[in-house]
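Structural overview
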Amino acid sequence: MTRSWAGAGESAGKPAGESARESAWAELVGTARRSVADGLVVGTSGNVSVRVGDTVLVTPSGVPYDRLTAADATGVDLDGRQVLGTLVPTSELPMHLAVYRADPAARAVVHTHAVHATAVSLLVPELPPVHYMTAALGGPVRVAPYAAYGTDELARGMLDALADRTGCLLRNHGTITYGGSLDQAYDRTAQLEWMCRLWLTASSVPGHSPSLLTPAQLAEVTQRLRGYGQRS
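These remarks concern the structure in this document.

1. Quick word on the pairing of strand β2 (residues 55–58)
Of the two faces of β2, the one carrying T55 and L57 and the one carrying V56 and V58 are both buried. Pairing of strand β1 (residues 47–52) with β2 involves four bridges; the strand directions are antiparallel. Directly across from V50, in β2, lies its bridge partner L57. The hairpin formed by β1 and β2 contains two residues between the paired strands, and G53 there has a positive phi angle of roughly 65°. Relative to strand β3 (residues 75–76), β2 runs antiparallel, the two being bridged by two bridges. Within β3, the residue paired with V56 across the bridge is V76.

Okay, here's the thing in structure tokens:
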């Protein structure tokens with residue numbers, strides 16, 4: 001039997017776990033809406049999830065993100081059994097769950113149909129390393145083989161492409177990235193789309209080939225990124 005939040009938005013007197021899920025759902029909805037505003041998805045074509053304990057909150061299937069409210073919270077366990085809400089979870093649930101099962105550090109997954117990234121997935125088996133932010137995704141971004149959406153076959157191909165990476169392209173489909181937070185997962189999605197646009201732009205100039213980074217240059221950036229950002 002699934003549950004819903006009564007008095008959604010009012011956390012006073014609620015168990016800590018329930019309040020954490022409410023907060024995570026609000027962040028998830030904000031991220032989903034941002035993906036539309038930033039042009040990474042059209043309508044409800046992408047999906048977002050965030051893990052809170054053993055519950056995976058995920059965008060529901062076919063519901064416009066601007067209509068989602070706290071009462072629409074949708075969650076499943078790591079086996080895919082619905083434990084929260086009544087809306088049907090996204091059809092891409094197998095991909096999301098595969099990421100969480102494969103990497104215990106994963107706390108958020110973002111899947112988009114971004115135009116430039118999807119275009120690159122049609123052309124090459126791997127996004128060439130045109131920018132040092134390639135290192136932020138673990139190395140050159142691979143393209144998973146095409147498989148029908150929502151299938152275990154797609155999830156398996158995605159996992160192979162994600163080996164030692166935090167993002168990949170899905171042939172004739174889109175992108176998927178993950179991270180330790182929704183902000184990190186979304187930033188990786190945005191960076192991936194930007195790098196795909198960069199490569200397409202540079203490679204379209206007649207008579208020229210884009211300059212690519214070497215493995216040694218990417219390794220240097222990987223080391224530098226470990227100390228990037230603010231420290232507490």
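2. Quick look at helix α4 (residues 152–161)
For α4, the complete set of buried residues consists of L154, A155, G157, M158 and A161. For α4, the angular spread of the buried residues around the axis is 165°, confining them to a single face. Opposite the packed face of α4, turned more than 90 degrees from it, sit the exposed residues D152, R156 and D160. Considering only its buried residues, α4 is in contact with α2 (93–102), β6 (143–144), β7 (167–170) and β8 (174–179).

3. A few points about the sheet that holds β2
Spatially, eight strands are ordered β4-β3-β2-β1-β5-β8-β7-β6 in an open sheet, and the strand pairing comes out mixed. Strand pairing shows two members of the sheet lacking a second neighbour, β4 (82–84) and β6, which therefore form its edges. In the sheet, β6 pairs with β7 via two bridges, with the strands oriented parallel. Its bridge partner lying in β7, A144 is registered against L170. Together, β1, β5 (108–112), β7 and β8 form the strand contacts of helix α5 (residues 182–203), whose direction differs from that of β8 by roughly 145°.

About the cut-offs
Along each chain, the written sequence defines residue order, and numbers are assigned to residues from 1. At least 70 in pLDDT is required for a residue's local features to be given in this predicted model, at least 80 for side-chain atom pairs to be given and counted, and no such filter applies to totals for whole chains, interfaces and linings, which use all residues. To get the side-chain values, take all heavy atoms of the structure and skip hydrogens and water. Working definition: with a 1.4 Å probe on protein chains only, accessible area under 20% of the residue-type maximum means buried, over 50% means exposed, and in between means partly exposed. The numbering of helices and of strands both runs from the N terminus, where a helix is a DSSP run of H or I of at least 4 residues and a strand a run of E of at least 2. Paired strands are those between which DSSP finds at least two bridges. As used here, the arc belongs to the directions running from the helix axis to the C-beta atoms. Contact between two residues is taken to exist if any of their heavy atoms lie within 4.5 Å; hydrogens are not considered. Every axis corresponds to a line fitted to the C-alpha atoms, with the helix fit spanning only the stretch in contact, and the corresponding angles, defined between N-to-C directions, vary from 0 to 180 degrees.

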